[in-house]
Amino acid sequence: MTARDFPMRDGCGSIEKPDSAEVEDLEIRLLLEGVFQRYGYDFRDYALSSLKRRTRNFSAQEGVSTISALQEKILRDPELMERYLHALSVNVTSMFRDPGFYRAFREKVAPFLRTYPSTRIWHAGCSSGEEVYSMAILLMEEGLHEKTRIYATDFDEKTLQQAKTGVYPLQAMADHEKNYIESGGKRSLPDYYVARYDHVMFAERLRENIVWAQHNLVTDGSFNEFHAIVCRNVMIYFNSALQARVHKLFHESLARFGILALGEKETIHGSPVAACYGTVDEYEKIYKRKQ
Ligand SMILES: C[S@@+](CC[C@H](N)C(=O)[O-])C[C@H]1O[C@@H](n2cnc3c(N)ncnc32)[C@H](O)[C@@H]1O
């Protein structure tokens, strides 16, 4: 928090009246500071516009008229905090999202992973798990599943619980199947799940090598050394200082020649560790650690 965040005295010593947008910015910064100090969740370096929109919607949903009033309630009510956390995490995802990425991973990364006796892949910010099951299917079709352990993490426990079940709505499967085919899938998506009524459950064999864990990219450190890190559509919600910190975390967590896969609108360029990476596929945002 800096002095700039507070109303200033003008040359005559009277206090300038801030406009309501300034007050709202101040309220949100105080809320995020309070959330950090009370619960340890650190949103202070998230991109502000998305945070503001989500906080406004959440306040309306909870019947609270100002962000200051929301702050008072959140600080006293851990369950409300859990709901706020869930409201702040954008969980949009799908299977084989951006099929070109999975095609590139299959063609350019799988042959490299085959050179190792065993491999570890970290899916950071995995949301409800669709991208993790997509990767498990890809690895199975490329003969890599047996020797790979996938670590799937997110900071949102509620979403992670859903991911662990491997249960998804049947109606979403048509779109997932379309992506799967476009991504170069070698079989048929229903080969990997059992449909019951309006839901499907992914096969136990896909889930065997997946370790699910809560991990916060902002406040938690490195926990293993990986041959590939997939972190797609997560850093887009961070400001550039936080992106730089997370890039350092990934660099520390990658084995030499390890792969870093980012989302469509994300890049390694401009990060403090950019020079440590070469490019595998610039369009699909796949990079390889050099040093
Ligand atoms: C838009 S989803 C992306 C899901 C998936 N990676 C994909 O590309 O489809 C963003 C995910 O990042 C998670 N996330 C946001 N901030 C995080 C943090 N600090 N640490 C870990 N996960 C975070 C959210 O909970 C959410 O599940």
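Keep in mind the model is a prediction, meaning the values are calculated, not measured.

1. Description of the overall build of the protein chain
In step 1: The number of helices and strands found in the protein chain is 10 helices and 10 strands.
In step 2: When each of the 291 residues of the protein chain is scored for burial, the buried share is 32%.
In step 3: Summarising the internal contacts of the protein chain: among those between residues at least 6 apart in sequence, 73% fall at separations of at least 24.

2. Quick word on the sheet that holds strand β3 (residues 167-169)
To summarise the sheet geometry, strands pair through backbone hydrogen bonds and adopt either a parallel or an antiparallel arrangement.
In step 1: Reading across from one edge, β3-β5-β4 is the order of the three strands in this open sheet, with antiparallel pairing throughout. Strand pairing shows two members of the sheet lacking a second neighbour, β3 and β4 (193-196), which therefore form its edges. Strand after strand, the sheet turns through a mean of 30 degrees between neighbouring axes, direction not considered.

3. Some details on the domain arrangement of the protein chain
In step 1: Taken domain by domain, the protein chain comprises domain 1 (3-88) and domain 2 (99-289).
In step 2: Taking only C-alpha atoms, the centre of domain 1 and the centre of domain 2 are 33 Å apart.
In step 3: Across the boundary between the two partners, domain 1 contributes eight residues, which contact nine residues of domain 2.
In step 4: Split by residue class, the side of domain 1 that touches domain 2 holds three nonpolar, three polar and two charged.

4. Some points on the packing of helix α2 (residues 48-61) against helix α4 (residues 78-88)
In step 1: Here α2 crosses α4 at 135 degrees, and the two axes come no closer than 9 Å. Comparing the axis directions of α2 and α4 gives the class oblique. Crossing hand, α2 versus α4: right-handed. From α2, Leu-51, Arg-54 and Phe-58 reach across to α4, where they touch Tyr-84, Ala-87 and Leu-88.
In step 2: Taken together, the residues of the contact of α2 with α4 sort by class into five nonpolar, no polar and one charged.

5. Digging into the sheet that holds strand β6 (residues 210-214)
In step 1: Spatially, seven strands are ordered β6-β2-β1-β7-β8-β10-β9 in an open sheet, and the strand pairing comes out mixed. The open sheet terminates on both sides in strands that have one partner only, identified here as β6 and β9 (277-281). On average, each strand axis in the sheet is tilted by 20 degrees relative to the strand beside it, whichever way the strands run.
In step 2: Sheet topology note: the strand β1 (residues 119-124)/strand β2 (residues 148-154) ladder contains six bridges and is parallel. Within the sheet, the bridge partner assigned to Thr-119 lies in β2 and is Thr-148.
In step 3: Each of β1, β2, β6 and β7 (226-231) touches helix α6 (residues 130-141); the most contacted strand, β2, lies at about 170 degrees to it.

6. Some remarks on the site of the ligand
In step 1: Residues in contact with the ligand amount to 21 residues; listed here are only the nearest, Ser-89, Thr-93, Gly-125, Ser-127 and Leu-217.
In step 2: Its residues assigned to classes, the shell around the ligand comprises seven nonpolar, nine polar and five charged.

7. With respect to the pairing of strand β5 (residues 199-202)
In step 1: Every second residue of β5 is oriented toward a common face, the buried set being Val-200 and Phe-202 and the non-buried set His-199 and Met-201.
In step 2: Sheet topology note: the β4/β5 ladder contains four bridges and is antiparallel. Its bridge partner lying in β5, Tyr-193 is registered against Phe-202.
In step 3: Linking two consecutive strands that pair antiparallel, namely β4 and β5, is a turn of two residues; a positive phi of about 50 degrees is found at Tyr-197 within it.

8. Overview of unusual backbone geometry
In step 1: Despite not being glycine, Asn-233 shows a phi value in the positive range, around 60 degrees.
In step 2: Along the polypeptide, Asn-233 turns up in the loop between β7 and α10 (240-253).
In step 3: Even without glycine at this site, Phe-257 takes up a positive phi of about 70 degrees.
In step 4: Along the chain, Phe-257 turns up in strand β8 (residues 254-262).
In step 5: Taking the C-beta count within 10 Å as the criterion, Phe-257 has 14 such neighbours and is therefore assigned partly exposed.

About the cut-offs
- Residues numbered from 1 in each chain as written.
- Predicted model: local features only at pLDDT ≥ 70, side-chain atom pairs only at ≥ 80, totals over all residues.
- Helix = DSSP H or I, 4+ residues; strand = E, 2+ residues; numbered from the N terminus.
- Buried ≥ 20, exposed ≤ 12 C-beta atoms within 10 Å, placed from the backbone.
- Contact = placed C-beta atoms within 7 Å.
- Pairing = 2+ DSSP bridges.
- Axes fitted to C-alpha atoms, helices over the stretch in contact; angles between N-to-C directions.
- Domains from an automatic or database assignment.
- Nonpolar A, V, L, I, M, F, W, Y, C, P; charged D, E, K, R; others polar.
- Parallel < 35°, antiparallel > 145°, perpendicular 65-115°, else oblique.
- Left-handed = near helix turned anticlockwise from the far one by under 90°.
- Near = placed C-beta within 6 Å.

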